[in-house]
Amino acid sequence: MVSREDFEAFLDRLAAAGATATEVERNLWRVRPGGALDFDVAVSYAPPVALLRVKVMDLPDDPAAEAALGRRLLELNATDLLHGAYGFTRDAVVLTDALELAHLDYEEFRASYESMTLALGAHLRDLAALCTPDGVSVTGSHRVPAQTPASPAPAATAEAR
């Protein structure tokens with residue numbers, strides 16, 4: 001099983017690749033990807049699992065928009081996510097993954113983390129467009145404008161990987 005010290009070494013390796021990891025409390029870290037990605041991944045060491053979680057956005061107030069968003073998230077879960085899954089909490093959309101610590105290695109941890117960050121980079125504008133008529137949604141404290149020809153969807157870069 002991966003020890004806490006081993007797990008911290010995983011986080012240090014992410015930091016060497018451009019991410020910033022800050023311990024919020026014992027066994028809980030906030031990891032901010034490098035580059036243009038502007039969100040936090042909550043990472044916890046909770047034997048027998050490690051948990052990764054991102055708050056994607058607030059749920060829309062409109063029930064029809066919430067239903068459309070839920071359907072799209074299920075489609076993305078089935079077709080586009082390698083690790084983790086989208087889901088609803090009381091008032092937010094989250095992306096989460098759980099990794100078994102018994103046989104976890106850095107490559108699997110990094111693959112989960114990168115899959116989540118790349119998925120958000122690829123999906124966020126599409127999801128935001130489902131939430132409001134003008135395609136603008138608040139994610140955390142940041143507004144995500146609707147995609148226009150003048151603002152193409154972000155491409156996956158080496159920094160985001």
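What you see is a predicted model, and the numbers here were worked out from it, not measured in a lab.

S.K.: What is the right way to read the overall build of the protein chain from this model?
M.R.: Scanning the protein chain from N- to C-terminus turns up three helices and eight strands. In the protein chain, the succession of α and β elements from N to C terminus is α-β-β-β-β-α-β-β-α-β-β. Surface exposure of the protein chain reaches about 8,800 Å², of which carbon and sulfur atoms provide 53%.

S.K.: Honestly, the pattern of salt bridges in this entry has me stumped. Any pointers?
M.R.: Oppositely charged side chains can pair when the atoms bearing their charge come close. Across all of its chains, the model carries nine salt bridges by this definition. Across the pair Arg72 and Glu75 runs a salt bridge whose closest N-O atoms are separated by 3.2 Å. A residue pair is termed a helical-turn pair when its members lie 3 or 4 positions apart in one helix, as Arg72 and Glu75 do in helix H2 (residues 63-79) at three residues. We classify Arg72 as partly exposed; its relative accessible area is 27%. Judged by its relative accessible area of 31%, Glu75 falls in the partly exposed class. Within the structure, one salt-bridge network assembled from shared partners comprises Arg71, Arg72, Glu75 and Asp126.

S.K.: When you look at the sheet that holds strand S5 (residues 85-88) in this model, what are you seeing that I'm missing?
M.R.: Consider a sheet: its strands pair through backbone hydrogen bonds, and that pairing is either parallel or antiparallel. Across the sheet, six strands lie side by side as S1-S2-S3-S4-S6-S5; this open sheet has antiparallel pairing. At either margin of the open sheet sits one strand with a lone partner, and together these are strand S1 (20-25) and S5. Averaged over all pairs of adjacent strands, the angle between their axes in this sheet comes to 30°, without regard to strand direction. Relative to strand S3 (residues 41-46), strand S2 (residues 28-32) is paired through four bridges, and the arrangement is antiparallel.

S.K.: Sorry if this is basic, but what is going on with the pairing of strand S6 (residues 92-100) here?
M.R.: Every regular strand shows the same layout, with side chains that alternate between the two sheet faces. Of the strand pairs in this sheet, strand S4 (residues 49-58) and S6 are connected by nine bridges, and their pairing is antiparallel. Bridge pairing in S6 places Leu52 opposite Asp97. Taken together, the four bridges between S5 and S6 define a ladder with antiparallel strand orientation. Paired with Tyr86 across the bridge in S6 is Leu95. The loop that links S5 with its antiparallel partner S6 comprises three residues.

S.K.: Just to check I follow, could you spell out helix H1 (residues 4-16) for this structure?
M.R.: Along an α-helix, residues three or four apart share an orientation, since each turn contains 3.6 residues. Its 13 residues place the ends of H1 18 Å apart at the C-alpha level, agreeing with the 18 Å of an ideal helix rising 1.5 Å per residue. Of all the positions in H1, only Arg4, Phe7, Phe10, Leu11 and Leu14 are classed as buried. Down the axis of H1, the buried side of the element spans an arc of 115°, and every buried residue falls inside it. Summarising the geometry of H1, the exposed residues directed more than 90 degrees from the buried face are Glu5, Asp12 and Ala16. Two residues or fewer after H1 comes Gly18, characterised by a positive phi angle close to 115°.

S.K.: What am I meant to see in the confidence of the model for the protein chain here?
M.R.: Low pLDDT means the predicted coordinates in that region are not meant to be read closely. Across the protein chain, the average pLDDT comes to 83, with 81% of residues at 70 or higher. Taken together, the stretch residues 135-161 has pLDDT below 50 and engages in 47 contacts with residues farther than four places along the chain or on a different chain.

S.K.: Hey, could you run me through the side chain of Arg4 in this one?
M.R.: Of note, Arg4 is situated in helix H1. For Arg4, a relative accessible area of 10% corresponds to the buried category.

S.K.: Explanation requested: the nonpolar core in the structure shown.
M.R.: Generally speaking, soluble globular proteins have nonpolar side chains that are buried together. Counting 38 residues, the largest nonpolar core has Phe7, Val31, Val56, Met57, Tyr86 and Phe109 as the members making the most contacts within it. Of all the elements, helix H3 (residues 106-131) adds the most residues to this core, at 10 residues. Apart from the residues lying within four places of it in its own chain, the contact partners of Val31 are Leu11, Leu14, Ala19, Thr20, Ala21, Phe39, Asp40, Val41, Val43 and Tyr113.

Reading the values: the criteria
- Residues take numbers from 1 onward in each chain, read along the sequence in its written order.
- Totals for whole chains, interfaces and linings use every residue, but because this is a predicted model, local features are given only for residues with pLDDT of at least 70 and side-chain atom pairs only at 80 or more, for both listing and counting.
- Note that the side-chain values use all heavy atoms of the structure and ignore hydrogens as well as water.
- Helix and strand labels come from DSSP, where a helix needs a run of H or I of at least four residues and a strand needs a run of E of at least two; each type is numbered from the N terminus.
- The Shrake-Rupley method, run with a 1.4 Å probe, gives the accessible areas here. Residue values count only the displayed protein chains as cover.
- By definition here, a salt bridge exists when the distance from a side-chain nitrogen of Lys or Arg to a carboxyl oxygen of Asp or Glu is within 4 Å.
- Only protein chains enter the accessibility calculation, which uses a 1.4 Å probe; a residue whose area is less than 20% of its type maximum is buried, one above 50% is exposed, and one in between is partly exposed.
- At least two DSSP bridges between two strands are required for those strands to pair.
- Think of each axis as a best-fit line through the C-alpha atoms, taken over the contacting stretch in the case of a helix, with angles from 0 to 180 degrees between the N-to-C directions.
- Helix span, expected: 1.5 Å multiplied by one less than the number of residues in the helix.
- Working note: the arc is built from the helix axis to C-beta atom directions.
- You can read pLDDT as the predictor saying how much it trusts each residue, on a scale of 0 to 100.
- Any pair of residues with heavy atoms lying within 4.5 Å of one another is described as a contacting pair.
- What is meant by a nonpolar core is a set of buried Ala, Val, Leu, Ile, Met, Phe, Trp, Tyr and Cys residues, joined one to another through side-chain atoms within 4.5 Å.

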